[in-house]
Amino acid sequence: MASRSLYEELARTAKALANPERLRLVELLSQGARTVEVLAERAAQPLGTTSHHLQKLAAAGLVNRERSGRHVVYSLADTSVAEFWSALRCFGEAHSGELKTAVQELRSRRERAGVVTADELEELLSRRKVTLIDVRPAEEFAASHLAGARSVPLSELAARLRELPKRRLVVAYCRSPYCQLADRAVEILERHGFKARRLEEGVQEWGAHGRRLEKDRGDQDVGRESFERV
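Every value quoted in this text rests on a predicted model; they were computed, and no experiment measured them. (Residues numbered from 1 in each chain as written. Predicted model: local features only at pLDDT ≥ 70, side-chain atom pairs only at ≥ 80, totals over all residues. Heavy atoms only, no water.)

**Digging into the side chain of R160**
Item 1. Along the chain, the position of R160 falls in the loop between α9 (154-157) and β8 (169-173).
Item 2. At 3.1 Å, the side chain of R160 and the backbone oxygen of S151 are in polar contact.
Item 3. In this view, R160 contacts S151, V152 and P153; residues no more than four positions away in its chain are not counted. (Helix = DSSP H or I, 4+ residues; strand = E, 2+ residues; numbered from the N terminus. Polar contact = N/O pair within 3.5 Å; in protein donor to acceptor, adjacent residues only side chain to side chain. Contact = heavy atoms within 4.5 Å.)

Written out as structure tokens, the structure reads:
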């Protein structure tokens, strides 16, 4: 039956995403185009394994690839892939008891440390009562970041603490609610006497709700950048 082939194709797309490492690659690519080498470093995967997963995603039409000199650069096929990743997280948290428990535990730890909601952050920014830092790698900041944020990659944070006013609340954010770069940043800041919180959401969620994002394509580099492992 013709309808069976439709379901088969849909299942093929779903199968391409039915792997935790591929989902991590989708999240990383939602921050911007990357070379295979950088993606392998960020995901803490062997280069060959990363290349294999990317080929599976490309075969399903979920990512694009383009050669740039000696490197192959991957990007999401379109914004709907990132939107699907965000929707999948919400769907999984609603229907998987184990995932729901794990996420609740993560949120509880963050709430004890202190979190800032998107609405609270907008109010703080409007009153100029906060220092907002993006702790992702610099090229991710260049690709897209919250308006009013400054780039302070986690790997540089300890060395750049003097740049941050100590009497003002510091809010850190990173890629998504599952990303823990901002959690580590808050730990470092509090250890050095700062009042710090993490933003509850990530960059993608902020933009998805119609809040302003800024881009600086001129500084972006998809070559062999510095990286943080989550």
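**A short note on helix α6 (residues 97-113)**
Item 1. Its 17 residues place the ends of α6 25 Å apart at the C-alpha level, agreeing with the 24 Å of an ideal helix rising 1.5 Å per residue.
Item 2. Residues of α6 that are buried: V103, L106 and R110. Viewed end-on, α6 has its buried residues packed into an arc of 60°, placing them on one side of the element. Opposite the buried face of α6, at more than 90 degrees from it, the exposed residues are E98, E111 and R112.
Item 3. Elements that come into contact with the buried residues of α6 comprise α5 (79-95), β4 (115-116), α10 (181-191) and β9 (196-199).
Item 4. A positive backbone phi angle near 110° is found at G114, which sits one or two residues after α6. (Expected span 1.5 Å × (residues − 1). Buried < 20%, exposed > 50% of the residue type's maximum accessible area, 1.4 Å probe, protein only. Arc of directions from axis to C-beta.)

**Overview of the pairing of strand β2 (residues 63-68)**
Looking down a regular strand, the side chains alternate between one sheet face and the other.
Item 1. Across six bridges, the pairing between β2 and strand β3 (residues 71-76) is antiparallel. Across the sheet, the residue bridging to R65 is Y74, located in β3.
Item 2. Where β2 folds back on β3, the antiparallel hairpin that results is connected by two residues, among which G69 adopts a positive phi of roughly 65°. (Pairing = 2+ DSSP bridges.)

**Describing the pattern of salt bridges**
Item 1. For the structure on display, the rule yields 18 salt bridges.
Item 2. Here E205 and R89 are joined by a salt bridge, their closest N and O atoms 2.1 Å apart. Of this pair, E205 sits in helix α11 (residues 203-208) while R89 is found in helix α5, placing the two residues 116 residues apart along the sequence.
Item 3. On the accessibility criterion, E205 (8% relative accessible area) is buried. (Salt bridge = Lys/Arg side-chain N within 4 Å of Asp/Glu carboxyl O.)

**Describing the packing of aromatic side chains**
Item 1. Within this structure, the stated rule accounts for one aromatic pair.
Item 2. Taking the centre distance of 6.3 Å and the plane angle of 85° together, the rings of W85 and Y178 count as edge-to-face. Linking W85 in helix α5 with Y178 in the loop between β8 and α10, this pair joins segments that are 93 residues apart in sequence.
Item 3. Since its relative accessible area comes to 8%, W85 is described here as buried.
Item 4. It is R89 that lies over the ring of Y178; its NZ or CZ is 5.4 Å from the centre. (Phe/Tyr/Trp six-rings, centres within 6.5 Å; stacked < 30°, edge-to-face > 60°. Lys NZ or Arg CZ within 6 Å of the ring centre and 35° of its normal.)

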